[in-house]
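Here are the chains, one letter per residue:
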Amino acid sequence: IPPAPPGPLRFGGLKLVDDRDHPWRPLRDGDIRGPCPGLNTLASHGYLPRDGVATPTQIINAAQEGLNLINQGAKLATYAALLLEGNVVTNLLSIGGKTHRTGPDPPSPASVGGLSHHGTFEGDASTTRGDAFFGDNHSFNQTLFDQFVDFSNRFGNGYYNYTVGGELRFHRIQDSIATNPEFDLRGFRHSTAFGESAFIANNFVDGRKTGAEAHQLDMDSALSFFRDMRFPRGFHRAAQPGGGEGVDVIFNAHPLQPGHNVGGVNNYVVDTSRGSLFDQCGIYTYMVNTTIRDLYPNPTGVLRRNLNINLDFLYEAFGFTSADCPQVRPFGRN
Ligand code: HEM
Ligand code: MG
């Protein structure tokens, strides 16, 4: 039976996390990494299993302990990821590509593709990863990182911050609208795209930086996380739990509704039917009633039981009150 998610850190303050118990190590043969620089780094320091396959509890604990991700954010990302691309029977998720190490697959069309699998969680217009349409949606992309540096120079005096995030987020989206005929920024991706742009300034900046230096990420540290999957030497996590702070600033720099290209490039059509950054209930409801239900048309036994348990954890992580957004139960109740 899947265990209840971990609560918040007991001590959520400033702390050296590049410590002796968590040395960075290079990849061994078979170690899996993927599109998320946060999880990649946590795995390469041993906060997560170094092979890149982990349980929800391990992922939540690692994201909290190593990067001070706020409890609700850690739970939401983790249970969404498990339900969309993990194995709910073995309770294992790959932080990158598909692997037999998550155990026997449930019946198709269940994906269990790992976080690199495009379309459910992983999405387009990432900051340092290309769109799946162009072939590689998970590896560090030097050209995109050069653009990250350029924007940080132009809009942030050499640092990435919310102002830079607002400009770069919009630029990455415009670039994809103009070049990717399958560009999709609907629903969950509308929210995660803006959210990730905030994480970079909130969770990758050393917590000892305060005042004018707070939420300003230098380029050496950025490269360390994005490319090397490594904490900057002597890295201290943020001084308080966080995640999405500043996302409103980033969004408001260039407000853009969710949507997708229809029939080719340069034809971005707004579609709010799957939710948006500002309609989390729409995201939740579409994710459960359509995406997850389509993956599991007729689950039985332990599969159905565990889907239901994890759906409860997911609903709880969104933090709705049932009047705001009622829980939906496509598989009934256990
Ligand atoms: C992508 C940061 C935790 C899943 C990203 C990106 C950032 C980021 C900055 C965008 C990378 C890019 O666009 O180049 C973080 C940080 C975390 C964290 C700082 C912890 C504090 C998590 C967790 C999950 C997750 C807990 C799920 C279990 C993903 C996925 C992507 C991603 C699937 C790919 C989305 C995309 O850009 O297409 N993460 N993340 N992350 N993250 Fe995380
Ligand atoms: Mg992506």
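Up top is the structure these notes are about.
In this report, we go over the structure that sits alongside the text. This structure is a prediction, so every number in the text was calculated from the model and none was measured.

1. As for the nonpolar core
Phase 1 of the analysis: Core analysis: the largest hydrophobic core is formed by 81 residues, its most contacted members being Leu-42, Phe-148, Tyr-160, Tyr-284, Ile-292, Tyr-296 and Leu-314.
Phase 2 of the analysis: Sorting elements by how many residues they give to this core places helix H10 (residues 301-318) first, with nine residues.
Phase 3 of the analysis: Setting aside anything within four residues of it in sequence, one finds Tyr-284 in contact with Leu-314, Tyr-315, Phe-318, Phe-320, Cys-325, Pro-326, Gln-327 and Val-328.

2. Here's the deal with the layout of surface pockets
Phase 1 of the analysis: Estimated volume of the largest pocket: approximately 1200 Å³.
Phase 2 of the analysis: In terms of lining, the largest pocket is formed by 47 residues, of which the most central are Ala-77, Thr-192, Gly-195, Glu-196 and Phe-199.
Phase 3 of the analysis: The set of elements that each furnish at least two residues to the lining of the largest pocket consists of helix H1 (37-44), helix H2 (56-67), helix H3 (71-85), helix H6 (188-203) and helix H9 (280-295).
Phase 4 of the analysis: When residues of the lining of the largest pocket are assigned to their parent elements, the largest contribution, nine residues, is made by H6.
Phase 5 of the analysis: The space that makes up the second largest pocket amounts to roughly 290 Å³.
Phase 6 of the analysis: Lining of the second largest pocket is provided by 19 residues; of these, Gly-119, Thr-120, Asp-184, Arg-186 and Arg-274 occupy positions nearest its centre.
Phase 7 of the analysis: Elements with a contribution of two residues or more to the lining of the second largest pocket: H6 and H9.
Phase 8 of the analysis: For the lining of the second largest pocket, the element with the highest residue contribution is H9, accounting for four residues.

3. A word on the coordination of the magnesium ion (ligand 2)
Phase 1 of the analysis: Within the protein, Glu-122 (OE), Gly-123 (O) and Ser-126 (OG) serve as the donor atoms for the magnesium ion (ligand 2), at 2.0 to 2.2 Å.
Phase 2 of the analysis: Coordination of the magnesium ion (ligand 2) draws on donor residues from a single chain, spaced E-G-x2-S in sequence. Across the pair, Ser-126 and Glu-122 agree in class, each one buried.

4. As for helix H5 (residues 162-179)
Residues lying three or four places apart along an α-helix face the same way, a consequence of the helix completing one turn every 3.6 residues.
Phase 1 of the analysis: Across its 18 residues, H5 extends 26 Å between first and last C-alpha, which sits within 8% of the 26 Å expected from 1.5 Å per residue.
Phase 2 of the analysis: Within H5, burial applies to Tyr-162, Val-164, Gly-165, Gly-166, Leu-168, Arg-169, Arg-172, Ile-173, Ser-176 and Ile-177.
Phase 3 of the analysis: Sitting at the head of H5, Asn-161 places a side-chain oxygen 3.0 Å from the backbone nitrogen of Thr-163.

5. Topic: the packing of aromatic side chains
To describe a pair of aromatic rings, you give the distance between the ring centres and the angle between the ring planes.
Phase 1 of the analysis: With the rule as written, the count across this model stands at 23 aromatic pairs.
Phase 2 of the analysis: Joined through ring pairs, the aromatic side chains of Tyr-47, Phe-140, Phe-145, Phe-148, Tyr-160, Phe-204, Phe-225, Phe-226, Phe-231 and Phe-235 make up one cluster.
Phase 3 of the analysis: The ring of Phe-151 has Arg-154 sitting right over it, with the charged end atom 4.8 Å from the ring centre.

6. Structural notes on the coordination of the iron atom of ligand 1
Phase 1 of the analysis: One donor from the polypeptide reaches the iron atom of ligand 1: Cys-36 (SG), at 2.3 Å.
Phase 2 of the analysis: On the secondary structure map, Cys-36 appears in the loop between strand E1 (15-16) and H1.

7. Quick look at the site of ligand 1
Phase 1 of the analysis: Neighbouring ligand 1 are 26 residues; Cys-36, Gly-123, Ser-126, Thr-127 and Thr-128 lie closest to it.
Phase 2 of the analysis: The backbone of Gly-123 places a nitrogen or oxygen atom 2.9 Å from an oxygen atom of ligand 1.
Phase 3 of the analysis: One of the backbone N or O atoms of Thr-128 is found 2.7 Å from an oxygen atom in ligand 1.
Phase 4 of the analysis: Using a 2 Å cut-off from the grid points, one finds that ligand 1 occupies the largest pocket.
Phase 5 of the analysis: Elements represented by at least two residues in the shell around ligand 1 include exactly H1, H2, H3 and H6.

8. Section: the state of the cysteines
Phase 1 of the analysis: For the coordinates displayed, the defined rule picks out one disulfide.
Phase 2 of the analysis: Paired through a disulfide, Cys-281 and Cys-325 show a sulfur-sulfur distance of 2.1 Å. Every disulfide takes its handedness from the sign of the S-S torsion; for Cys-281 and Cys-325 that torsion is 80 degrees, giving right-handed. With Cys-281 in helix H9 and Cys-325 in the segment after H10, this residue pair connects regions lying 44 residues apart in the sequence.
Phase 3 of the analysis: A relative accessible area of 0% places Cys-325 in the buried class.

9. Topic: unusual backbone geometry
Most peptide bonds are trans, and most residues other than glycine sit at a negative phi.
Phase 1 of the analysis: Between Ser-108 and the following residue, Pro-109, the backbone shows a cis peptide bond with an omega angle of 10 degrees.
Phase 2 of the analysis: Examined against the element boundaries, Pro-109 turns out to sit in the loop between strand E3 (93-94) and helix H4 (142-156).
Phase 3 of the analysis: In this structure, Asn-91 is a non-glycine residue whose phi angle is positive, near 65 degrees.
Phase 4 of the analysis: Looking at the secondary structure, you find Asn-91 in the loop between H3 and E3.
Phase 5 of the analysis: Looking at Asn-91, the relative accessible area reads 14%, which means it is buried.
Phase 6 of the analysis: With a phi angle near 60 degrees, His-215 is a residue other than glycine that sits in the positive phi range.
Phase 7 of the analysis: As for its placement among the helices and strands, His-215 is situated in the loop between H6 and strand E6 (217-218).

What counts and how
- Residues numbered from 1 in each chain as written.
- Chains lettered and ligands numbered in written order.
- Predicted model: local features only at pLDDT ≥ 70, side-chain atom pairs only at ≥ 80, totals over all residues.
- Heavy atoms only, no water.
- Core = buried A, V, L, I, M, F, W, Y, C linked by side-chain atoms within 4.5 Å.
- Buried < 20%, exposed > 50% of the residue type's maximum accessible area, 1.4 Å probe, protein only.
- Helix = DSSP H or I, 4+ residues; strand = E, 2+ residues; numbered from the N terminus.
- Contact = heavy atoms within 4.5 Å.
- 1 Å grid on protein atoms, 1.4 Å probe; cavity = no way out; pocket = protein on both sides within 12 Å on 5 of 7 lines; lining within 4 Å.
- Points joined across faces, edges and corners; volume = space filled by probe spheres on them.
- Donors = N, O, S within 2.8 Å, 3.2 Å for Na, K, Ca; no water.
- Expected span 1.5 Å × (residues − 1).
- Polar contact = N/O pair within 3.5 Å; in protein donor to acceptor, adjacent residues only side chain to side chain.
- Phe/Tyr/Trp six-rings, centres within 6.5 Å; stacked < 30°, edge-to-face > 60°.
- Lys NZ or Arg CZ within 6 Å of the ring centre and 35° of its normal.
- Near = heavy atom within 4 Å.
- Sits in = over half its atoms within 2 Å of the grid points.
- Disulfide = S-S within 2.5 Å.

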